[in-house]
Protein chains: 2
Amino acid sequence: MNITDPAKSAKSNSAIALVAEWIVPMTHTPVPGEKQLSSSKWLEGHALIIEDSKIADILPTEQLQDRYPDAEITQMDGMALMPGLINAHCHAAMSLLRGFSDDLPLHQWLETAIWPVEAKFVDEDFVYQGTQLAIAEMLRGGTTCFQDMYFMPDQIAKAVQQSGIRANIGLMVVDSETVWARDAEECISKGLNVYDQYKHNDKLSFSFAPHAPYTVSKQTLEKLSTISFELSLNIHMHLHETTAEVNDYVNQHDIRPLEQLHQMGLLNPQLNAIHMTHLNQQEIDWVAETGTHVIHCPQSNMKLASGCCPTGLLLDAGVNLAIGTDGAASNNDLDMLAELQSAALLAKIDSLNPEQLSAYQALYAATMGGAKALGLENQVGSLKPGKQADIIAIDLNQIETQPVYNPISQIVYAASRNQVTHVWVAGKHLLDNRKLTSLNESTIMNNARSWKEKIKDCHQ
Amino acid sequence: MNITDPAKSAKSNSAIALVAEWIVPMTHTPVPGEKQLSSSKWLEGHALIIEDSKIADILPTEQLQDRYPDAEITQMDGMALMPGLINAHCHAAMSLLRGFSDDLPLHQWLETAIWPVEAKFVDEDFVYQGTQLAIAEMLRGGTTCFQDMYFMPDQIAKAVQQSGIRANIGLMVVDSETVWARDAEECISKGLNVYDQYKHNDKLSFSFAPHAPYTVSKQTLEKLSTISFELSLNIHMHLHETTAEVNDYVNQHDIRPLEQLHQMGLLNPQLNAIHMTHLNQQEIDWVAETGTHVIHCPQSNMKLASGCCPTGLLLDAGVNLAIGTDGAASNNDLDMLAELQSAALLAKIDSLNPEQLSAYQALYAATMGGAKALGLENQVGSLKPGKQADIIAIDLNQIETQPVYNPISQIVYAASRNQVTHVWVAGKHLLDNRKLTSLNESTIMNNARSWKEKIKDCHQ
């Protein structure tokens, strides 16, 4: 890890050296069934070097003076550095509906609360300003990259680009008319226009986001399958979120949704299957064999009483697992630290096995797991020389995370997101000692309050 | 709510007026089966008056000048005032073992990690300094009262008294020898000495804390039943935490633990039954009929894979439910806001019903529910004139909790504990804009680090 090209020193004028108490690189890939953490999974007495947008080096602190004599040193006592969290499923703009309606069955919640409000209020400003609110929340909580699914990807892309966060924008597709498009055809063509406009942006990538098997026809999925293969775009789709959804599909089509996708060749490493709370062993095997990624949204599944994704069984089968918050209208936050803790706790209670989804496995799912799902594993997800400098610092030097026997345990089971003090994306310092550098917090808050004034009277 | 004695104005020299954007008094008692929140459950445009240790009044802000012309006014825009959270089950001193060992089955965790360390290191300083660490964490997270179960109640009482927090100290009883006492007899006599020493302290109350049916004999429980009745002390006990524990008891005694206690008359309003993850309908009925309180520790039950307390069924049966964090060695924090959120989420996924344990019911369990369990419902648990001024302020004016359609939803499902900015216990301002006023944070942190240096090499 500390072998560097001696020529690097010549470039060290622009180097930033982060000297943190712990570095948690997440470079170790957990082996299925691997138990317990070991101290080899973090470094002490090391420094991380950022040069431009990349991680240039990780080396013992005592070599810093020799190797990077001109580096600008930031001393970070009591802090842990780790890769930025990757929120693998979000509906960012829906943050403007946070807490609008809770504690209802999914369909009642959608039909009486969310859909009527969306139909009445969602416009370009809503998507742009809602996405800004979400990005501000995510950066403040240590998320450096997210995958989104919502209408008007042009507005999402604009908000993402201005903020400096990394994102994979799902080009949403549904068959019926929405505020964004008349039908699936128009979803695809308008989506591809946005893709063309932004495809050369370093920090933006795209996927197709057909909403779910019950809102997108087989014909549309076949078309997406072809286009996504040609353009090397992932497909990001809600799958097997509830029993009712699976049963209804079987009643109509005489086949379970996942088997249908499998028959169509859609189970493959380009597919991000979101939720996956109802799976039989055959389906787990298919997911594993085909390299399909599973995006687990534990708090959303709990709050909506959807069911439990069998994360332990999936990991044991060798499936790549990522974690998402889902939208703040259902969750009600975009707090990836809380979400990965919930993932670890839910895996244990659901399987009645406290060894399922260890602290390290949960943290891996929220970093490298997300990077793999998004196809960004060579760029982000771990701290490794040559990768993008998507890095967060967590201050463990707080009452709430003392004493520190094991920084990974503290990060997963005890730290709160406000302990994230610094965030870099591609080497840009986007959160500096809890202050957002690229976004105007008070403007974002004022916009949120204005939307509340417009929307609140729709309350049931 | 805003009817006051006009004579009050005469006393208003010492009054403090908190003018918050929202006041969530928690005075409404949820009816079993009651769905959804309504805006009648919080107040806007009101001020709360603290006089000495008590809440003197809650009144519309426009009456403030007339009624309390000399009150010292604190303007709290964007903040919600609510009763302090009550942590109904904790092993405070075990905070010094936070993150020492995770992700193991309960008995392996106890036998290979926790018990050996406790046997080697627990002494008076460990209990005193560990309890201080826990109290600092609890106050910073909005907990104003906790119920504790650990050895050396004299040290716990000392730490509690110095901090100004309110507590019910469980006088721990086990049959076997511990660092505190040779046997149950000595546990009781030493416990009663501590009780005698502190029983007139306003903010301290006591209970007996027989550890569990598998560590405390029937004879000891009979003795405790008599003494607790005579002294009007509650009994606080782990019950039906795991299937194994229930099955082992049945194998040995041919009766389930709860039925045994019921036969002994121990199911009654003085009993705080902790965990209760394995209950049949008959047992739920007994608990309801006898007025036994249930203390739910959702994150501990999840992390140790113990099982799910059927909170929805208990509430529907009319049982009083309170919430506890358990100790930080297993949980790994004392974060009551996260814990009550977990309670709401776990109830829904366990019952597959999103209407179970609504936001309001979860918040009620963490405030009035706790007060009732501890027998303090006339003093604390809600914001009501005449009650003790145990109050917290939560700053909702943050990116993470915008926009605010409903402050209760934001508190339960979105706010993090660092948004707790102010805490009063009995009118004393113990957390002032995130600063602890009665405890020295750096001393507490240094002590925690010293313990880590001593203990860390015992790591498995």
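Each chain carries its own residue numbering, running from 1 in the written order of its sequence. As they are written, the chains are lettered A onward and the ligands numbered 1 onward, keeping that order. Where totals are concerned, whole chains, interfaces and linings use all residues; where local detail is concerned, this predicted model gives features only for residues with pLDDT of at least 70, and gives and counts side-chain atom pairs only at 80 or more.

(A) Representation of the nonpolar core in the model. The nonpolar core is taken to be a set of buried Ala, Val, Leu, Ile, Met, Phe, Trp, Tyr and Cys residues joined by way of C-beta atoms within 7 Å. With C-beta atoms placed from the backbone, a residue counts as buried when 20 or more other C-beta atoms lie within 10 Å of its own, as exposed when 12 or fewer do, and as partly exposed for counts between those limits. In this structure, Leu81, Leu340 and Leu363 of chain A together with Leu81, Leu340 and Leu363 of chain B are the most contacted members of the largest nonpolar core, which totals 316 residues. We call two residues in contact if the C-beta atoms placed from their backbones are at most 7 Å apart. In this view, Leu81 of chain A contacts Leu18, Ala20, Ile23, Val24, Leu48, Leu383, Ile391 and Ala393 of chain A; residues no more than four positions away in its chain are not counted.

(B) Highlighting helix α14 (residues 359-373) of chain B. Residues and elements named next belong to chain B. Runs of H or I in DSSP of at least four residues are treated as helices and runs of E of at least two as strands, each being numbered from the N terminus. Expected span, for any helix, means 1.5 Å times one less than how many residues it has. With 15 residues, α14 should cover 21 Å at 1.5 Å per step; its first-to-last C-alpha distance of 20 Å lies within 8% of that length. A residue's bend is simply the angle between two axes: one fitted to the seven residues ending at it, one to the seven starting at it. Largest kink in α14: about 45°, centred on Ala365. In terms of residue burial, α14 counts as a mostly covered element, since 15 of its 15 residues are buried. Within two residues after α14, Gly375 carries a phi angle of roughly 75°, on the positive side.

(C) Spatial organisation of the interface of chain A and chain B. Contact with chain A, which involves 55 residues of that partner, is made by 55 residues of chain B. Residue assignment for the side of chain A that touches chain B shows that the elements contributing at least two residues are α3 (124-140), α10 (298-303), α13 (336-351), α15 (407-413) and α16 (441-455) of chain A. Per-element tally for the side of chain A that touches chain B: the top contributor is α16 of chain A, with 7 residues. Tallied by class, residues from the side of chain A that touches chain B come to 26 nonpolar, 14 polar and 15 charged. Residue classes follow a fixed rule: Ala, Val, Leu, Ile, Met, Phe, Trp, Tyr, Cys and Pro count as nonpolar, while Asp, Glu, Lys and Arg count as charged, and any other residue, Gly among them, counts as polar.

(D) Expanded view of the relation of the copies chain A and chain B. Copy-to-copy superposition: least squares on the C-alpha atoms, limited to residues that have pLDDT of at least 70 in both copies. Turning chain A through 180° and shifting it by 0.0 Å along the axis lays it on chain B, with an RMSD of 0.0 Å. Expressed as a symmetry operation, the mapping of one chain copy onto the other fits a two-fold axis. Here 100% of the interface residues in chain A have copies in chain B that are interface residues too; the copies meet face to matching face.

(E) Here's a closer look at the sheet that holds strand β12 (residues 293-296) of chain B. All names here are of chain B. Paired strands are those between which DSSP finds at least two bridges. Sheet architecture is open: 8 strands sit in the order β6-β7-β8-β9-β10-β11-β12-β13, paired in parallel fashion. Each edge of the open sheet carries a strand with a single partner, namely β6 (85-90) and β13 (321-323). Each neighbouring strand pair of the sheet contributes to a mean axis angle of 25°, computed without reference to strand direction. The pairing of strand β10 (residues 234-239) with strand β11 (residues 271-275) spans 5 bridges and is classified as parallel. If you follow Met237 over to β11, its bridge partner there is Ala273. In the packing of helix α4 (residues 153-163) onto the sheet, the strands contacted are β7 (143-150), β8 (166-173) and β9 (204-210), and the crossing angle to β8 comes to about 175°. For every element, the axis is a line fit to its C-alpha atoms; helices are fit only across the contacting stretch, and the angle between N-to-C directions ranges from 0 to 180 degrees.

(F) Broad picture of the environment of Leu85 of chain B. Residues and elements named next belong to chain B. Inspection of the secondary structure puts Leu85 in strand β6. Judged by the 30 C-beta atoms lying within 10 Å of it, Leu85 is buried. C-alpha separation for the pair Leu85 and Ile392, spaced 307 residues apart in sequence, amounts to 8.1 Å.

(G) Layout of the domain arrangement of chain A. Residue and element names in this part refer to chain A. Throughout, the edges of the domains are those of an automatic or database domain assignment. Domain assignment breaks chain A into domain 1 (6-83 + 383-426) and domain 2 (85-373). Inter-centroid distance (C-alpha atoms) of domain 1 to domain 2 is 29 Å. In this complex, domain 1 contributes 24 residues to the contact, which on the side of domain 2 involves 30 residues. Elements represented by at least two residues in the side of domain 1 that touches domain 2 include exactly β13 (391-395), α15 and β14 (420-425).

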